[in-house]
Amino acid sequence: MVKQQGFTLIELVVVIVILGILAVVALPKYINLQDDAYSATVHATGGAFKGGVTLAHTKWFAGGNTSSVDNLELNGAGVTMDMNSSGWPAQSYPPYEADPKLNNTNDCISVWRTLLDTNSPTVSTDTTMDYQVTYSANTCTYTLVVRPAMSIFYDSNTGEVIIDEEP
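The structure contained in this document is the topic of the report that follows. (Residues numbered from 1 in each chain as written. Predicted model: local features only at pLDDT ≥ 70, side-chain atom pairs only at ≥ 80, totals over all residues. Heavy atoms only, no water.)

## A short note on the sheet that holds strand 3 (residues 89-91)
Argument step 1. Reading across the sheet, the three strands line up as 1-2-3 and stay open at both edges, with antiparallel pairing between neighbours. Two strands in the sheet have a free side with no partner beyond their single neighbour: strand 1 (69-73) and strand 3. Strand after strand, the sheet turns through a mean of 55° between neighbouring axes, direction not considered.
Argument step 2. The pairing of strand 1 with strand 2 (residues 80-83) spans three bridges and is antiparallel. Residue pairing in the sheet places glutamate 73 in a bridge with threonine 80 of strand 2.
Argument step 3. Against the sheet, helix 2 (residues 33-62) makes contact with strand 1, strand 2 and strand 3, and its axis sits at roughly 105° relative to strand 1, the strand it touches most.
Argument step 4. Where helix 3 (residues 105-115) meets the sheet, its contacts fall on strand 2 and strand 3, and the angle it forms with strand 3 comes to roughly 120°. (Pairing = 2+ DSSP bridges. Helix = DSSP H or I, 4+ residues; strand = E, 2+ residues; numbered from the N terminus. Axes fitted to C-alpha atoms, helices over the stretch in contact; angles between N-to-C directions. Contact = heavy atoms within 4.5 Å.)

## Digging into helix 3
Residue pairs spaced three or four apart in an α-helix point in one direction, given the helix's 3.6 residues per turn.
Argument step 1. Burial in helix 3 covers these residues: Asp107, Cys108, Ile109, Ser110, Val111, Trp112 and Leu115.
Argument step 2. For helix 3, the N-terminal capping position is held by asparagine 104, with its side-chain oxygen 2.9 Å away from the main-chain nitrogen of asparagine 106. (Buried < 20%, exposed > 50% of the residue type's maximum accessible area, 1.4 Å probe, protein only. Polar contact = N/O pair within 3.5 Å; in protein donor to acceptor, adjacent residues only side chain to side chain.)

## Brief notes about the packing of helix 1 (residues 9-31) against helix 2
Argument step 1. It is at 5 Å that the axes of helix 1 and helix 2 come closest, and there the two elements cross at 30°. Contacts from Lys29, Tyr30 and Ile31 in helix 1 reach Leu33, Gln34 and Asp36 in helix 2.
Argument step 2. Its residues assigned to classes, the contact of helix 1 with helix 2 shows three nonpolar, one polar and two charged. (Nonpolar A, V, L, I, M, F, W, Y, C, P; charged D, E, K, R; others polar.)

## Quick notes on unusual backbone geometry
Argument step 1. A positive phi angle is found at asparagine 71, which is not glycine, with a value near 60°.
Argument step 2. Its place among the elements puts asparagine 71 in strand 1.

Now the structure itself:
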């Protein structure tokens, strides 16, 4: 009796078909890794921003404030924030304002830059930075430039930060 060595053509075809099915099932998961990475970045940045908003409000509240405050010192290192009449971050730049309000894209940018570390993602009104900012009705929208469906929203009336990281 002769011993057969190797695989038959049918066995090879079956293995190739099984590998093809596995590739079709697994490939979309690996292709989506980039969207997952961007989603995680927006989620982390939004969480840091939300934490900064909350800490600034806590500092305002702990100081016994009940109305707007210009140049509230946040960290003992000279970092200041102008707080609106509800105690939420409104802007962060001179000159003195009796009743600071967040009411334009420059205010949105100043809040972002003051609350987040200097190594954080960058923001501007155009698409040259990591996030593009727009302003409408007391709300700053920070949109991830490379994935416009992913954004961070900040409502300066309520202090609410919404993170939309779904691709």
